[in-house]
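# Structural overview for review
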Protein chains: 2
Amino acid sequence: MQKAYFQFQTISRLGKARAGVLKTPHGDIKTPVFMPVGTQATVKAVTPAQMEEIGVQILLANTYHLFLRPGADLVAEMGGLHQFMNWKGAILTDSGGFQVFSLGDLRKITDDGVTFKSHLDGSIHQFTPELAVQIQEKLGADIIMAFDECPEPTNRKNNEKALERTHQWAERCLKAKTRSDQALFGIIQGGIFPDLRQKSAEFISSLDFPGYAIGGLSVGESKTQMLQILDLVDDFLPKEKPRYLMGVGTPEDLIEGVRRGIDMFDCVLPTRLARHQAAQTLHGRINLMNAEHAHNPNPIDTECQCYTCSHFSRAYLRHLIMAKEMLAATLISIHNIFTLVELMRCLRQSILNNNFEEYTTHLLNNLKNPTNQ
Amino acid sequence: MQKAYFQFQTISRLGKARAGVLKTPHGDIKTPVFMPVGTQATVKAVTPAQMEEIGVQILLANTYHLFLRPGADLVAEMGGLHQFMNWKGAILTDSGGFQVFSLGDLRKITDDGVTFKSHLDGSIHQFTPELAVQIQEKLGADIIMAFDECPEPTNRKNNEKALERTHQWAERCLKAKTRSDQALFGIIQGGIFPDLRQKSAEFISSLDFPGYAIGGLSVGESKTQMLQILDLVDDFLPKEKPRYLMGVGTPEDLIEGVRRGIDMFDCVLPTRLARHQAAQTLHGRINLMNAEHAHNPNPIDTECQCYTCSHFSRAYLRHLIMAKEMLAATLISIHNIFTLVELMRCLRQSILNNNFEEYTTHLLNNLKNPTNQ
């Protein structure tokens, strides 16, 4: 059953870039794909109907947050995440690893797992690989993630230790998994260290995961370091499985990721930017609060086909921002998500059309020379 | 041109209740009608597309707020309110009267007009009847309102003086009006005093307004007093013109208003309740934050056909509230507005079907004996 569901088919390749289809119980996902983040079982300020209209195929939800509130048992009781949040498309849950490691002093790591204090009420909890899988099975996403340790990427000693744990925990996650209608993806760690990344890619690839994620990037290392790691791990990952670069979501990073064979991305950036009055376009980022937009009758992006750009001026969006109206976050989020979803659609098409390099050269040039601000 | 636009046709009467159609440059409005309030050129947390899906025919915007921010000139420059906020249906603007009188110590009234301090930055402004019309002509709503004085309804002396001013100002508004594609409605004041209300209804009716509003109610008087005034003014208002009861929006008040010949209502209640976690149904009001809803898989109202009730459980809505997610306000606002819009549609149908009394007796009984909380 799982094989049929999570089959990944590469339709076209151009260099390392791939256009594919990943089958899930909630639809066939055309890759490369960007996954908006619905941390607490909602993509902030956007309804599922709006997400569908944008063309979102798969979204991400956070195990750590949903475990604490409303609790995995409640979500299961309500029929699982899809039914709970009324999302008919596919869902991926992270393992909670990144969130608990981000708690800093509030968590303690052992080989068994991580003990941490809730950021909500200070209550003490422990995540183990087994529990992370169990929670994700209750949440019921289509794709679930192995529980990994995410150290700061530039400390070698911590990364060596974390790698051992991440590898042991990956095996424990595989053993703990019981549902056949979910795909468990493995995660490669190793910080900025090529030899550790190679070791991790080789080990995790040796386990039979239906997909592989690259974790621990976009968390403080340089852009060059990130791209070097992507170049490197490509050689050690099976070509026939989907690859997911975690937590990455600028247009530049998506383009460079796709160029290096990445199929899936997620990031809070489009919705977080929107709540901070910033619109993302393929011609640069725009702070809509700036007074210069007060009298501008044009949309955020005259070339954009999203609901926001089809109907609202920058002057109106700025007014909503100045008046502290919630609709501002909704409309800018819709635009920002659409921009990335549409970018991925165009990147895919350029792979199919054999003109990925020309297309992305043009895009990256626009992004480096913003005209839209 | 104006006659064709703002023709009001009564299709059916039952007692004092009327089912009609009011023609506007932005569509024929089936009455009785509830108008949601978009104070700052947005119905809080709801997109125009969602408003259209709900079946909203006409909405209200506030002259006072839009005058201060973003300014009537900017709205005019952007093509008027309809284009600015992307609302294809009809719009009514209030005159700013109620808002500036609500400022208390921040305003000073003379026969010429009202001087007031902005609640935003303390800047000093003056509204006169002429300026209120001029601003509303710039905003460009389909229906605009005369500038009136709204005193506390139970002080006779203040109401006597306010009545004189309101009447003089009504004449000045009529003279100031220049646009033929807008209808200017007159407003009746007089507080809770039957003789003042009669005098005001007679005087304002003697002026050639295409519609008449009853102001100064639902601001502190008893329910009985409000209904007595509605009973009384009916006799003195022309039957062939639309009547608008300002600022009223509980299901009970809408029913009692329609029963007394009111055709139009507006109120911030549905969206304000939504931002305070309360859902309005025709079986009572529900505080969705209550723990009792945590495990409830049912929608707010199993009989309701709105987007929210068709797709989301009380458990999910409560989760959004507890997690402080903006989507809560959006989804509950959609439900609350839909409830009143649908109520008006059903009231209209019951007038056409000759069963208004049976239908409303049933409704009022449900509202008095809430089963839904």
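Keep in mind the model is a prediction, meaning the values are calculated, not measured. (Residues numbered from 1 in each chain as written. Chains lettered and ligands numbered in written order. Predicted model: local features only at pLDDT ≥ 70, side-chain atom pairs only at ≥ 80, totals over all residues.)

Here we come to the pairing of strand β4 (residues 33-36) of chain A. Residues and elements named next belong to chain A. Residues of β4 alternate between two faces, with Val33 and Met35 on one and Phe34 and Pro36 on the opposite face, all of them buried. Of the pairings in the sheet, the one linking β4 to strand β14 (residues 264-267) comprises four bridges and is parallel in character. When the bridges of β14 are listed, Pro36 appears paired with Cys267. (Buried ≥ 20, exposed ≤ 12 C-beta atoms within 10 Å, placed from the backbone. Helix = DSSP H or I, 4+ residues; strand = E, 2+ residues; numbered from the N terminus. Pairing = 2+ DSSP bridges.)

Turning to the interface of chain A and chain B, a few remarks are in order. Contact with chain A, which involves 33 residues of that partner, is made by 33 residues of chain B. Secondary structure elements with two or more residues in the side of chain A that touches chain B: α4 (72-77), α5 (81-85), α13 (307-311), α14 (314-322) and α15 (327-352) of chain A. It is α14(A) that contributes the most residues to the side of chain A that touches chain B, five residues altogether. When its residues are assigned to classes, the side of chain A that touches chain B shows 20 nonpolar, nine polar and four charged. (Contact = placed C-beta atoms within 7 Å. Nonpolar A, V, L, I, M, F, W, Y, C, P; charged D, E, K, R; others polar.)

Let us look at the relation of the copies chain A and chain B. The two copies are related by a screw motion: chain A maps onto chain B through a turn of 180 degrees and a shift of 0.0 Å along the axis, at an RMSD of 0.0 Å. This pairing of chains is accounted for by a two-fold axis. The C-alpha atom lying nearest the rotation axis in chain A is that of Met326(A); the distance is 3.8 Å. (Least-squares fit on C-alpha atoms with pLDDT ≥ 70 in both.)

The axes of two packed helices give the description: the angle between them and the distance between them. All names here are of chain A. Put simply, helix α11 (residues 251-259) and α15 touch, their axes get as near as 11 Å, and they point 25 degrees apart. As the angle between them shows, α11 and α15 are arranged roughly parallel. Relative to α15, α11 is oriented so that their crossing is right-handed. Contacts between α11 and α15 involve Pro251, Leu254, Ile255 and Val258 from the first element and Leu340, Leu343, Met344 and Leu347 from the second. For the contact of α11 with α15, a count of residues per class yields eight nonpolar, no polar and no charged. (Axes fitted to C-alpha atoms, helices over the stretch in contact; angles between N-to-C directions. Parallel < 35°, antiparallel > 145°, perpendicular 65-115°, else oblique. Left-handed = near helix turned anticlockwise from the far one by under 90°.)

On to the nonpolar core, then. If you look at the biggest cluster of nonpolar residues, it comprises 239 residues, and the most contacted ones within it are Leu59(A), Phe185(A) and Phe185(B). Phe185(B) has contacts with Ile143(B), Met145(B), Ala146(B), Phe209(B), Gly211(B), Tyr212(B), Ala213(B) and Tyr244(B), leaving out every residue within four places of it along the chain. (Core = buried A, V, L, I, M, F, W, Y, C linked by C-beta atoms within 7 Å.)

Residue and element names in this part refer to chain B. Along the chain, Pro210 falls in the loop between α9 (194-206) and β12 (212-214). A sequence separation of 27 residues divides Pro210 from Ala183, and the C-alpha atoms of the two residues are 6.4 Å apart. Excluding anything up to four places from it in sequence, Pro210 contacts Phe6, Ala183 and Lys241.

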